[in-house]
Amino acid sequence: MTAAGRFAPSPSGELHVGNLRTAVLAWLFAKSTGRDFLLRVEDLDRARSGAEAEQLRDLRAVGVSWDAAVVRQTERAELYDEAIARLAADGRTYECFCTRREIQEAPSAPHAPQGAYPGTCRRLSHAEREIRRTTRPASIRLRAEVSEWAVEDQLLGKYAGVVDDFVLRRNDGVTAYNLAVVVDDAQQGIDQVVRGDDLLPSTPRQAYLATLLGLPIPEYAHVPLVVNHDGVRLAKRDRAVTLGDLAAVGIPAERVRDLLLESLGLPSGTLQAALPHFTPRHVPKTPWVWKTPRA
């Protein structure tokens, strides 16, 4: 299997320029290191009708291409079920009946972030589980044997983060992101993960889970986000930030592509033309402030 990088959007709506910049970076990282580039639609949750087609259109419009058919998580339930079954057979899972509010209000371990699972259901007896099943469906949690795990990031160096008993399958039956992404990356041969640095805190959980499943840990590079003039992560509420909105005010996709490349210190033009000038170690380490250009 050929080594590969990837971009994996959730089809909740149109991509904004921050999403597109990350996609461009993921493509440049992959191609500059001789890897294939894959696209995966993470549609287990928050999927909006028509959003996938819009996202694929906008990626192509800024020059991002992929080397194999698009993969969708909703088509991969069997792989996730197999992974959870393996963990369960090893005694590494348990049922959890807690509500989100109960978790938020429960005391947590020292230094654990807000919302880290405190282990409430970890030691329930068989009889207690039987009673709770009659009132609420259970989620499936990992029985973690560590409280912290470290990963090496190509841009940020060593990062150690909290690992709690995180959810593998929600109580509505939907596979959780942290399990799906680990299984998908390994099954697709993805050994390079380039994504926004807002996802860095979840990376130790994913790397730890990969080791439990005997799967390779990808090479990580968490890139700075695009922010608005207040320094807040860019969102669609910041008005003209999608290709559609920008086209409506007279700014074509080609100009947006050029702005993205310029923000990375690269010459404007096609991604292929910019590729020889790209070096991962020269990726900016600070967020890029988006200013809507004049038409």
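Above: the structure in question.
Residues numbered from 1 in each chain as written. Predicted model: local features only at pLDDT ≥ 70, side-chain atom pairs only at ≥ 80, totals over all residues. Heavy atoms only, no water.

Moving on, we come to the sheet that holds strand E3 (residues 71–72). Overall, parallel pairing links the three strands, which are arranged E1-E2-E3 in an open sheet. This sheet does not close on itself; its edge strands, each paired only once, are strand E1 (4–7) and E3. Pairing geometry for strand E2 (residues 36–41) and E3, over two bridges, is parallel. Bridge assignment links Val 41 to a residue of E3, and that residue is Arg 72. (Pairing = 2+ DSSP bridges. Helix = DSSP H or I, 4+ residues; strand = E, 2+ residues; numbered from the N terminus.)

Moving on, we come to the nonpolar core. Ranked by internal contacts, the top residues of the largest apolar core, which has 45 residues, are Val 24, Phe 29, Leu 59 and Val 64. Mapped by element, the contributors of at least two residues to this core are helix H1 (17–32), E2, helix H2 (51–61), strand E10 (219–223), helix H8 (243–248), helix H9 (253–263) and helix H10 (271–274). With 10 residues, the top contributor of residues to this core is H1. Beyond its immediate sequence surroundings of up to four residues, Phe 29 is in contact with Gln 154, Leu 155, Gln 192, Val 194, Ala 221, Val 223, Phe 278, Pro 280 and Val 283. In terms of nonpolar packing, the next biggest core, distinct from the first, is built from 20 residues, Ala 83, Val 183, Tyr 208 and Ala 210 among them. (Core = buried A, V, L, I, M, F, W, Y, C linked by side-chain atoms within 4.5 Å. Buried < 20%, exposed > 50% of the residue type's maximum accessible area, 1.4 Å probe, protein only. Contact = heavy atoms within 4.5 Å.)

Here the focus is the packing of H1 against H9. With their axes 10 Å apart at the nearest point, H1 and H9 run at an angle of 65 degrees to one another. Crossing geometry of H1 relative to H9 is assigned as right-handed. Where H1 abuts H9, its residues Val 17, Leu 20, Arg 21 and Val 24 lie against Val 256, Leu 260, Leu 261 and Ser 263. Here the residues of the contact of H1 with H9 sort into six nonpolar, one polar and one charged. (Axes fitted to C-alpha atoms, helices over the stretch in contact; angles between N-to-C directions. Left-handed = near helix turned anticlockwise from the far one by under 90°. Nonpolar A, V, L, I, M, F, W, Y, C, P; charged D, E, K, R; others polar.)

Scanning all chains against the criterion turns up one cavity of 30 Å³ or more. Empty space within the largest cavity amounts to approximately 100 Å³. Contributions of two or more residues to the lining of the largest cavity are made by helix H6 (177–187), strand E9 (192–196) and helix H7 (203–212). If you tally residues by element for the lining of the largest cavity, the top one is H6, at four residues. Here the lining of the largest cavity is composed, by residue class, of 12 nonpolar, one polar and three charged. (1 Å grid on protein atoms, 1.4 Å probe; cavity = no way out; pocket = protein on both sides within 12 Å on 5 of 7 lines; lining within 4 Å. Points joined across faces, edges and corners; volume = space filled by probe spheres on them.)

With that out of the way, let us pick up the side chain of Gln 206. Mapped onto the elements of the fold, Gln 206 is located in helix H7. Gln 206 sits in the buried class, given a relative accessible area of 3%. Those residues in contact with Gln 206 that sit more than four places away from it in its chain are Tyr 177, Asn 178, Val 181, Val 182, Arg 195 and Tyr 220.

Moving on: the sheet that holds strand E4 (residues 93–96). If you trace the three strands from one edge of the open sheet to the other, you get E4-E5-E8, paired in antiparallel fashion. Across the chains shown, the open sheet's two edge strands, defined by having one partner strand only, are E4 and strand E8 (167–169). Each strand of the sheet is rotated relative to its neighbour by a mean of 45 degrees, with strand direction disregarded. Two elements, E4 and strand E5 (residues 139–142), share four bridges in a ladder whose sense is antiparallel. Bridge pairing in E5 places Cys 96 opposite Ser 139.

Here we take up the side chain of Asp 184. The residue Asp 184 is located in helix H6 in this model. For Asp 184, a relative accessible area of 0% gives the class buried.

What the rule picks out here adds up to 23 salt bridges. In this structure, Arg 40 engages Asp 184 in a salt bridge whose closest nitrogen and oxygen atoms are separated by 3.5 Å. Within this pair, whereas Arg 40 is found in strand E2, its partner Asp 184 is found in helix H6, the two being separated by 144 residues in sequence. Of the residues examined, Arg 40 reaches a relative accessible area of 0% and is grouped as buried. Close ionic contact of Arg 170 with Asp 45 constitutes a salt bridge, the shortest N to O distance being 2.9 Å. Note that Arg 170 is positioned in the loop between E8 and H6 and Asp 45 in the loop between E2 and H2, a separation of 125 residues in sequence. Three or more residues joined by partner-sharing salt bridges are found here, namely Arg 6, Arg 40, Glu 42, Arg 76, Asp 184 and Asp 185. (Salt bridge = Lys/Arg side-chain N within 4 Å of Asp/Glu carboxyl O.)

Moving on to the pairing of E10. Where burial is concerned, most of E10 is hidden: four out of the five residues are buried. Taken together, the five bridges between E9 and E10 define a ladder with parallel strand orientation. Bridging from a neighbouring strand, Val 194 pairs with Ala 221 of E10. In this view, the connection linking E9 to its parallel neighbour E10 by way of H7 has right-handed handedness. (Right-handed = clockwise from strand over helix to strand, strands pointing away.)

Remember, this is a structural readout, not a statement about activity or role.
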